[in-house]
Amino acid sequence: MRDNKKKLNLTTRIVIGMFAGIAVGFLLKLLFPDSILVEGYLTKGLFHVVGQIFISSLQMLVVPLVFVSLVVGTCSISDPSKLGRLGGKAVGLYMVTTAIAITFAIFAAVLIQPGAGVELQSDATFEPSQAPSLAQVIIDLFPTNPFSAMANGNMLQIIVFALLFGISMALVGGKSGDRLKTFFDDFNEIIMKLVIILMNLAPYGVFALMAKLFSETEFETIFSLGKYFLLVFFVLILHGVITYSLILKGLTGLSPWTFLKKMREVQIFGFSTSSSNATIPVTLETVTKRLGVSNSIGSFTVPLGATINMDGTAIMQGVATVFIAQVYLVDLTLADYVMVVLTATLASVGTAGVPGVGLIMLAMVLGQVGLPVEGIGLIIGVDRLLDMTRTSVNVTGDAMVSLIVAKSEGELDEKVFNDAEADLKERDVSEQL
Ligand code: ASP
């Protein structure tokens, strides 16, 4: 019986889960706006529980996956100078793409003027938290205790420890090195299987997250800041589709269409979790298994990108800075704009890819050009949906840079990249369970 039924593939099921969740959320809000039952049993009950378990399970995999796959990846790079080159390329590309994103956003905002005519509301409040200094960010790259780095999920510290560990493993070589390598290889395979199992549960998780969110979103706030909201949204989409396509085609000759098509699940995971960090397992799986990037490049560039590369966030910051300047009637000079680009690009380093962090970084940017940090209070109400959208752009940027680095290093399997079916069968665990 089962064989006769045409099964939907995983991507389609996840997409259906997302749209069904959005529809159910809207309907609940429309039909039962004040129902205590709906709230108690569904939005704050079932949907909340399922959604949170889904996010927690993703997060659960991040630390072991990043550590193990990076150790495996690093010890297969026998030449340590190659690591330095890789790091340089990845960080350089991450910075340049972020700078392009924010410049694009500033241009768009200066042109469209989203803040013109917006009334300054006196109840706008935002408490900025202290931003770390650049020196501290650099010192903090090195863990004093790798276990506490893992316990706290400090991605950059985990990356540094894994790199050093992997290099040492390669240098030791011989029996001990090989024994441990086999152990890590096996460990990696098992964690990857867990990632795939979780992806198979994504249609339910994504459904629950969307249903909860959309049944709770106050759309009135969005309408009142419609121009700002739509501008950030459109610049995000344009950057994610057009700028990335141009960069990818220009630097690698690869088909942007194939890339974007294969990135759909990753983008939905980014969208529904609002966290590049929680999306790492899916990004890594897609980059290595569906896009053909070697494990040694992907395991390094993906977690690094999820932590330091935030093009979507930079876009929000660019538009928000110009918006706040317009609302507060402050004229920004060209030097101010350059300052915004530099600060936002540097600020993204060392800030974890978790929900809402972009606003904290925005406080730093505003402070640099003397704009009132309370301006953030104006846009905080519409940030949730924008956070989701920009996280999709952030994760797409991570994968694109990974592809470019892999291609330039001769570590891209183009057969896998061009194979529309690559990894699709392996991803479907329903046959294996
Ligand atoms: N949520 C974003 C991310 O995880 C960061 C942000 O813009 O707040 O990539």
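Keep in mind it's a predicted model, so treat the numbers as computed, not measured.

(A) Region of the structure containing the overall build of the protein. Helix and strand counts for the protein stand at 20 helices and zero strands. Radius of gyration (C-alpha) of the protein: 22 Å, near the 22 Å computed for a compact globule of 433 residues. Counting only C-alpha atoms and orienting by the principal axes, one finds that the protein spans roughly 70 × 60 × 40 Å. Put simply, the protein has 433 residues, and 55% of those count as buried. Considering only contacts in the protein between residues 6 or more positions apart, those separated by 24 or more positions represent 85%. The distance from the centre of the 28 positive side-chain charges to the centre of the 34 negative ones in the protein is 10 Å.

(B) Expanded view of unusual backbone geometry. Here Ser274, not a glycine, exhibits a phi torsion of approximately 55 degrees, which is positive. Take Ser274: it is sitting in the loop between helix 11 (264–273) and helix 12 (276–290). Positive phi values are uncommon outside glycine, yet Asp423 reaches one of about 70 degrees. Topologically, Asp423 is positioned in the loop between helix 19 (414–418) and helix 20 (424–427). For Asp423, a relative accessible area of 11% corresponds to the buried category.

(C) Inspection of the site of the ligand at higher detail. Around the ligand sit 14 residues, and of these Ser276, Thr313, Gly358, Asp387 and Arg390 come closest. The contact in question runs from an oxygen atom of the ligand to an N or O atom on the side chain of Ser276, over 2.3 Å. Within the backbone of Val354, one N or O atom sits 3.2 Å away from a nitrogen atom of the ligand. Of all the secondary structure elements, the ones that give two or more residues to the shell around the ligand are helix 16 (357–368) and helix 18 (383–408). Ranked by residues supplied to the shell around the ligand, first place goes to helix 18 with four residues.

(D) Quick look at helix 14 (residues 311–327). Over its 17 residues, helix 14 extends 24 Å from the first C-alpha to the last, a length consistent with the 24 Å expected when each residue adds 1.5 Å. With 17 of 17 residues buried, helix 14 is to be regarded as a mostly interior element. Leu329 occupies a position one or two residues after helix 14 and carries a positive phi of about 55 degrees.

(E) A look at the UniProt feature "transmembrane region" (unreviewed entry) in the protein. Residues annotated in UniProt with the feature "transmembrane region" (unreviewed entry) correspond here to residues 12–32, 52–78, 90–112, 155–173, 194–214, 226–247 and 360–382. A distance of 29 Å separates the end C-alpha atoms of residues 12–32, which is 95% helix and 0% strand. For residues 194–214, the end-to-end C-alpha separation is 29 Å, with 100% helix and 0% strand making up the annotated structure.

(F) Fine view of the nonpolar core. Ranked by internal contacts, the top residues of the largest apolar core, which has 124 residues, are Ile159, Met210, Tyr228, Phe259, Leu362 and Leu403. Considering every element that reaches this core, the biggest residue donor is helix 2 (residues 36–75), with 14 residues. Residues contacting Phe259, with those up to four places away along its chain left out, are Leu248, Leu291, Thr396, Ala399, Met400, Leu403 and Phe417. Residues Leu28, Val38, Ala208 and Ala211 belong to the second largest nonpolar core, which totals five residues.

(G) Examining the pattern of salt bridges more closely. Under the counting rule described, the total for this entry stands at nine salt bridges. Taking the shortest distance from any N to any O, the salt bridge between Glu414 and Lys407 comes out at 2.6 Å. Salt bridges here are not isolated pairs; linked through shared partners, they connect Arg85, Lys89 and Glu409.

(H) Looking closely at the packing of helix 13 (residues 295–308) against helix 18. As a packed pair, helix 13 and helix 18 sit with axes 9 Å apart at the nearest point and diverge in direction by 145 degrees. For the pair helix 13 and helix 18, the crossing hand works out as right-handed. Contacts between helix 13 and helix 18 involve Ile297, Gly298, Thr301, Val302, Gly305 and Ala306 from the first element and Asp398, Ser402, Val405 and Ala406 from the second. Each residue belonging to the contact of helix 13 with helix 18 can be placed in one class, and the counts come to five nonpolar, four polar and one charged.

(I) Representation of the confidence of the model for the protein within the structure. Of the residues in the protein, 94% reach a pLDDT of 70 or more, and the chain-wide mean stands at 88. Looking over the protein, one finds the lowest element-wise mean pLDDT in helix 8 (residues 219–224), namely 74, and the highest in helix 10 (residues 256–262), namely 96.

(J) Fine view of the packing of helix 12 against helix 18. Between helix 12 and helix 18, the shortest axis-to-axis distance is 10 Å and the interhelical angle comes to 40 degrees. Classified by the interaxial angle, the pair formed by helix 12 and helix 18 is oblique. The hand of the helix 12/helix 18 crossing is right-handed. Each of Ser276, Thr279, Thr283 and Val287 in helix 12 lies in contact with helix 18, whose residues at this interface are Thr391, Asn394, Val395, Ala399 and Ser402. Its residues placed into classes, the contact of helix 12 with helix 18 shows three nonpolar, six polar and no charged.

(K) Region of the structure containing the packing of aromatic side chains. Under the counting rule described, the total for this entry stands at 13 aromatic pairs. Each ring, one from Phe67 and one from Phe161, has its centre 5.7 Å from the other, and the planes form 10 degrees; the classification is stacked. One end of the pair, Phe67, is in helix 2; the other, Phe161, is in helix 6 (residues 155–172), and 94 residues separate them in sequence. Ring plane angle 80 degrees and centroid distance 5.9 Å describe the contact between Phe233 and Phe234, whose orientation is recorded as edge-to-face. A connected cluster of aromatic rings, assembled from ring pairs, spans Phe67, Phe161, Phe165, Phe183, Phe184 and Phe187.

Criteria and thresholds
- Residues numbered from 1 in each chain as written.
- Predicted model: local features only at pLDDT ≥ 70, side-chain atom pairs only at ≥ 80, totals over all residues.
- Heavy atoms only, no water.
- Helix = DSSP H or I, 4+ residues; strand = E, 2+ residues; numbered from the N terminus.
- Rg over C-alpha atoms; globule rule 2.2 N^0.38 Å.
- Buried < 20%, exposed > 50% of the residue type's maximum accessible area, 1.4 Å probe, protein only.
- Contact = heavy atoms within 4.5 Å.
- Lys, Arg positive; Asp, Glu negative; His and termini not counted.
- Charge placed at Lys NZ, Arg CZ, Asp CG, Glu CD.
- Near = heavy atom within 4 Å.
- Polar contact = N/O pair within 3.5 Å; in protein donor to acceptor, adjacent residues only side chain to side chain.
- Expected span 1.5 Å × (residues − 1).
- UniProt positions renumbered as here; feature names shortened; annotations may be inferred.
- Core = buried A, V, L, I, M, F, W, Y, C linked by side-chain atoms within 4.5 Å.
- Salt bridge = Lys/Arg side-chain N within 4 Å of Asp/Glu carboxyl O.
- Axes fitted to C-alpha atoms, helices over the stretch in contact; angles between N-to-C directions.
- Left-handed = near helix turned anticlockwise from the far one by under 90°.
- Nonpolar A, V, L, I, M, F, W, Y, C, P; charged D, E, K, R; others polar.
- pLDDT = per-residue confidence, 0-100.
- Parallel < 35°, antiparallel > 145°, perpendicular 65-115°, else oblique.
- Phe/Tyr/Trp six-rings, centres within 6.5 Å; stacked < 30°, edge-to-face > 60°.

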